[in-house]
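Below are the chains, spelled out letter by letter.
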Amino acid sequence: MMKMSDGSLLGDPGDTPLSKKQGVKWQRPRLTRQAVMRCCLVKWILSSAAPQGSDTSDSELELSMVRHQPEGLEQLQAQTKFTKMELQSLYRGFKNECPSGLVDEDTFKLIYAQFFPQGDATTYAHFLFNAFDADGNGAICFEDFVVGLSILLRGTVQEKLKWAFNLYDINKDGYITKEEMLAIMKSIYDMMGRHTYPLLREDAPLEHVERFFQKMDRNQDGVVTIDEFLETCQKDENIMSSMQLFENVI
């Protein structure tokens, strides 16, 4: 059974901060291979890649193998925090799973149904796909895919928070409403909330959103701006300590 105290990407602002529980200050997660391998999207990609240990046989990404050719390896290394070998493995798997060089929303839904069979991941996969699909054209190329993964797994605090804001801002109007945040929360609870311990109440997502808005909506206008979001999150020790939750639902 999966044990997770909260379904949110940013934790529960009503809980006791981690630093006060353990007497230590929060530290940004280290850039470890283990953290990368916990990511569902990475697991999906690497399941189709060549066996580990063959990375050294490739000197460059095999750019000519798909119709949609990604940018050069050096440029992707500069844009992301992945190593050359990691990019090669990711590209090999991406090419095998998506020969066209593009991944669509249905693929995201299949991925999350595979890793969360105990719940309904359809809605969350939809929201997550839209967050990756920056230009809204219904398809994600390899470059966009790995740049997004790099932010989620190895980005700075501000980069991760900006990505989270974009996820919550469903209609991309620059504001987060209670309805938008509640929709994201419910989608995560539907995907995994029923299998957390202790079990979550039906009204837990709404209570969670209300607590967030009490903290974030500084001018009480009913919406949260990116500035309000960043300022509140970075000043809240519990929210900052829970940034590692990205690894549980990505």
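All of these numbers come straight from a predicted model, not from anything done at the bench.

**Q** I'm lost on the overall build of the protein in this one. Help?
**A** Assigned secondary structure in the protein consists of 14 helices and four strands. Residue pairs at least 24 apart in sequence account for 74% of intrachain contacts in the protein once pairs closer than 6 positions are excluded. Entry remark: accessible area of the protein is about 12500 Å², with carbon and sulfur atoms responsible for 49%.

**Q** I keep staring at the UniProt feature "domain: EF-hand" (unreviewed entry) in the protein and nothing clicks. Help me out?
**A** Residues annotated by UniProt as "domain: EF-hand" (unreviewed entry) correspond here to residues 120-155, 156-191 and 204-239. Regarding residues 120-155, the helix share stands at 67% and the strand share at 6%, and the terminal C-alpha atoms are separated by 28 Å. Helix makes up 72% of residues 156-191 and strand 8%. Its end C-alpha atoms lie 27 Å apart.

**Q** When you look at the packing of helix α7 (residues 122-132) against helix α10 (residues 178-192) in this model, what are you seeing that I'm missing?
**A** A pair of packed helices can be characterised by two numbers: the angle between their axes and the separation between those axes. Between α7 and α10, the least distance of the axes is 7 Å, while the angle of their chain directions is 130°. Considered as vectors, α7 and α10 are oriented oblique to each other. Regarding α7 and α10, the two cross each other, and that crossing is left-handed. Two secondary-structure elements touch here, α7 through Thr123, Tyr124 and Phe127 and α10 through Ala183, Ile184, Ser187, Ile188 and Met191.

**Q** Whenever I open this one, the state of the cysteines confuses me. Can you help?
**A** Here a disulfide denotes one covalent bond, and it connects the sulfur atoms of two cysteines. For the structure shown, the criterion picks out zero disulfides. No disulfide involves Cys39; its sulfur sits 6.4 Å from that of Cys40, the nearest cysteine. A relative accessible area of 0% means that Cys39 is categorised as buried.

**Q** Please clarify how the packing of aromatic side chains should be interpreted in this entry.
**A** Scanning the model with the defined rule gives 12 aromatic pairs in all. Aromatic pair Phe108 and Phe132: ring centres 5.7 Å apart, planes at 65°, arrangement edge-to-face. Separated by 24 residues along the polypeptide, Phe108 in helix α6 (residues 105-115) and Phe132 in helix α7 bring together distant segments of the chain. The burial state of Phe108 is the same as that of Phe132; both residues are buried. Ring geometry for Phe165 versus Phe229: centroids 5.5 Å apart, planes at 65°, classification edge-to-face. With Phe165 in helix α9 (residues 157-168) and Phe229 in helix α12 (residues 226-235), this residue pair connects regions lying 64 residues apart in the sequence. Each of the two residues, Phe165 as well as Phe229, counts as buried. Through a chain of ring-to-ring contacts, the aromatic side chains of Trp44, Tyr91, Phe94, Phe108, Phe129, Phe132, Phe142, Phe145 and Trp163 assemble into a single cluster.

**Q** Help me understand the side chain of Glu228, please; the structure alone is not making it clear to me.
**A** By the secondary structure assignment, Glu228 is in helix α12. In terms of polar contacts, Glu228 uses its side chain to reach the backbone amide nitrogen of Thr225, at 3.0 Å. In contact with Glu228, not counting residues within four places along its chain, are Met216, Asp217, Arg218, Asn219 and Val223.

**Q** Would you explain the pattern of salt bridges in this entry?
**A** Proximity of charged atoms lets side chains of opposite charge pair with each other. Across all of its chains, the model carries six salt bridges by this definition. Where Glu210 meets Lys178, a salt bridge forms, and the shortest distance between an N and an O atom there is 3.1 Å. Of this pair, Glu210 sits in helix α11 (residues 204-216) while Lys178 is found in helix α10, placing the two residues 32 residues apart along the sequence. Look at Glu210 and you get partly exposed, because its relative accessible area is 31%. The shortest N-O distance in the salt bridge between Arg218 and Glu231 comes to 3.5 Å. Linking Arg218 in the loop between α11 and β4 (223-225) with Glu231 in helix α12, this pair joins segments that are 13 residues apart in sequence. Under the relative-accessibility criterion, Glu231 is labelled partly exposed at 35%. Connected through salt bridges with shared partners, the residues Arg218, Glu231 and Lys235 form a single ionic network.

Conventions we followed
- Residues numbered from 1 in each chain as written.
- Predicted model: local features only at pLDDT ≥ 70, side-chain atom pairs only at ≥ 80, totals over all residues.
- Heavy atoms only, no water.
- Helix = DSSP H or I, 4+ residues; strand = E, 2+ residues; numbered from the N terminus.
- Contact = heavy atoms within 4.5 Å.
- Areas by Shrake-Rupley, 256 points an atom, 1.4 Å probe, with all protein chains shown as cover.
- UniProt positions renumbered as here; feature names shortened; annotations may be inferred.
- Axes fitted to C-alpha atoms, helices over the stretch in contact; angles between N-to-C directions.
- Parallel < 35°, antiparallel > 145°, perpendicular 65-115°, else oblique.
- Left-handed = near helix turned anticlockwise from the far one by under 90°.
- Disulfide = S-S within 2.5 Å.
- Buried < 20%, exposed > 50% of the residue type's maximum accessible area, 1.4 Å probe, protein only.
- Phe/Tyr/Trp six-rings, centres within 6.5 Å; stacked < 30°, edge-to-face > 60°.
- Polar contact = N/O pair within 3.5 Å; in protein donor to acceptor, adjacent residues only side chain to side chain.
- Salt bridge = Lys/Arg side-chain N within 4 Å of Asp/Glu carboxyl O.

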